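Letter by letter, the chains look like this.
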Amino acid sequence: MLIRIIGRLLFLSVLLGAALLLALWRGWLDVAPRFNPWAPLDVRETPNLLTPFKLWRLSEDRELCDLALATSELRVTRLPDSTPHPGCPVENAVRIQGARVGLSSSFMATCPLAVSFALFERHGLQPAAQAVFGQPVTRVEHVGSFACRSIAGSQRPSQHSYANALDMVGFRLRDGQHISVLRDWPREDDKARFLRLVQAAACDSFNVTLGPEYNAAHRDHFHVDMGMWRMCR
C-alpha cells in the first residue's frame, strides 16, 4: 500500500514538473528570466541551478548563444565552422579578442566555452581577487585553446581538439603583481589562497577543471573545458 502511494506521489510530481516546464516554455507563467529555463542566459545575473542547463542549450543553438554573449563584456568575432586540422572540426565558435580583463592573446572558443569564461571572469575570478588583494585582475595569461591531439595516455581526443578547452597559466593584478600557477600554487600565502579560490570558481563555471594536484602534466596551469562530463580536480 505504501509503495503504491509513493508511486502515485512520484507520478504526480513528475506530471506537475512537466506542466510547469510547459507553462514556462509557452510563456503562460510569468517568472523572472533567471528562473525560467527557456529564457536566454544573462551573464550579468548571478549563476543559479538553471545555469548549467542554459549553458548546455547553447551548444546547439547559435542564436541563443549569441544572445548570451551580448550580455557579457567579451569582444568576440563569430567564426565559420571549419576543420583547422584533419579530424578536429571546430563548430559554433568565436574568437575572443578581449574582455573586461585583458588577455595574453586572443583565442578561439566554442560559444559555450566563451560564455562560461565570461561567467567565470565576472562571478569567480574578479571576486576572488577582490577578496584576497582588494583589487581586480587586469590580465589572464593562457597558453591556448585549440590543439588537435588526444588526451595524454589515451586515444580519446582532447577537448582542445574542438577549441572547447582553455589552459590558464597566470594572472596579473592592477598593481602589477604577477601570480603564476607553477610558482605560486605550492606556497602558503595570499597568492596561493587566491589560486585555490580561482580553481573553485572555475569548477563552478566550467564542466571540467583540472589543476596542479590532478597530475604532473597540470602542475603549471588550470585546464578548463566544456566536455560532457563533470570533474573538479
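Just so you know, these numbers come straight off a predicted model, no measurement behind them.

Caption draft 1: Region of interest: the overall build of the protein chain. When helices and strands are tallied, the protein chain shows 6 helices and 12 strands. Looking at the 233 residues of the protein chain, the share that counts as buried comes to 43%.

Caption draft 2: Seen up close, the packing of helix α4 (residues 111-133) against helix α6 (residues 190-205). At a minimum axis distance of 9 Å, the contact between α4 and α6 shows a crossing angle of 155 degrees. The angle between the axes of α4 and α6 places the two elements in the roughly antiparallel class. Classified by chirality, the crossing of α6 by α4 is right-handed. Here α4 contributes Ser116, Leu119, Phe120, Gly124, Leu125, Ala128, Ala129, Ala131, Val132 and Phe133 to the contact with α6, which in turn contributes Asp190, Lys191, Arg193, Phe194, Leu197, Val198, Ala201, Ala202 and Ser205. Of the residues that constitute the contact of α4 with α6, the class distribution is 13 nonpolar, 3 polar and 3 charged.

Caption draft 3: Quick look at the state of the cysteines. Evaluated as defined, the whole model comprises 3 disulfides. Between the sulfur of Cys88 and that of Cys148 lies a disulfide, 1.8 Å long from S to S. A torsion of 75 degrees about the S-S bond marks the disulfide between Cys88 and Cys148 as right-handed. Here Cys88 is found in strand β3 (residues 88-90), whereas its partner Cys148 is found in the loop between β7 (137-142) and β8 (165-173), with 60 residues between them in sequence.

Caption draft 4: Fine view of unusual backbone geometry. Although it is not a glycine, Asn92 sits at a positive phi angle of roughly 50 degrees. Looking at the element boundaries, Asn92 is found in the loop between β3 and β4 (93-98). A relative accessible area of 4% places Asn92 in the buried class. Positioned with a positive phi, Ala163 is a non-glycine residue whose angle comes to about 60 degrees. A relative accessible area of 0% places Ala163 in the buried class.

Caption draft 5: Region of the structure containing the sheet that holds β4. Taking strand neighbours across the sheet as the criterion, the 3 strands line up as β1-β4-β6 in an open arrangement whose pairing is antiparallel. Edge positions in the open sheet fall to β1 (75-79) and β6 (107-110), since each of these has one partner strand only. Taken over all neighbouring pairs, the strand axes of this sheet differ in orientation by 35 degrees on average, direction set aside. Bridge analysis of β1 against β4 gives 5 bridges, and the strand direction is antiparallel. Each bridged residue has a counterpart across the sheet, and for Leu79 the counterpart in β4 is Ala93. Here α4 sits on the sheet and contacts β1, β4 and β6; the angle it forms with β6, its principal contact strand, is near 105 degrees.

Caption draft 6: Region of interest: the pattern of salt bridges. Scanning the model with the defined rule gives 13 salt bridges in all. Between Arg44 and Asp42 there is a salt bridge whose closest N-O contact spans 3.0 Å. Several salt bridges converge on common partners, so that one network encompasses Glu73, Arg100, Glu121 and Arg122.

Caption draft 7: Broad picture of the side chain of Ser161. For Ser161, the location among the structural elements is in the loop between β7 and β8. At 2.7 Å, the side chain of Ser161 and the backbone oxygen of Arg149 are in polar contact. Excluding residues within four positions of it along the chain, Ser161 makes contact with Cys88, Pro89, Val90, Phe146, Ala147, Cys148 and Arg149.

Cut-offs used in this document
Residues numbered from 1 in each chain as written. Predicted model: local features only at pLDDT ≥ 70, side-chain atom pairs only at ≥ 80, totals over all residues. Heavy atoms only, no water. Helix = DSSP H or I, 4+ residues; strand = E, 2+ residues; numbered from the N terminus. Buried < 20%, exposed > 50% of the residue type's maximum accessible area, 1.4 Å probe, protein only. Axes fitted to C-alpha atoms, helices over the stretch in contact; angles between N-to-C directions. Parallel < 35°, antiparallel > 145°, perpendicular 65-115°, else oblique. Left-handed = near helix turned anticlockwise from the far one by under 90°. Contact = heavy atoms within 4.5 Å. Nonpolar A, V, L, I, M, F, W, Y, C, P; charged D, E, K, R; others polar. Disulfide = S-S within 2.5 Å. Pairing = 2+ DSSP bridges. Salt bridge = Lys/Arg side-chain N within 4 Å of Asp/Glu carboxyl O. Polar contact = N/O pair within 3.5 Å; in protein donor to acceptor, adjacent residues only side chain to side chain.

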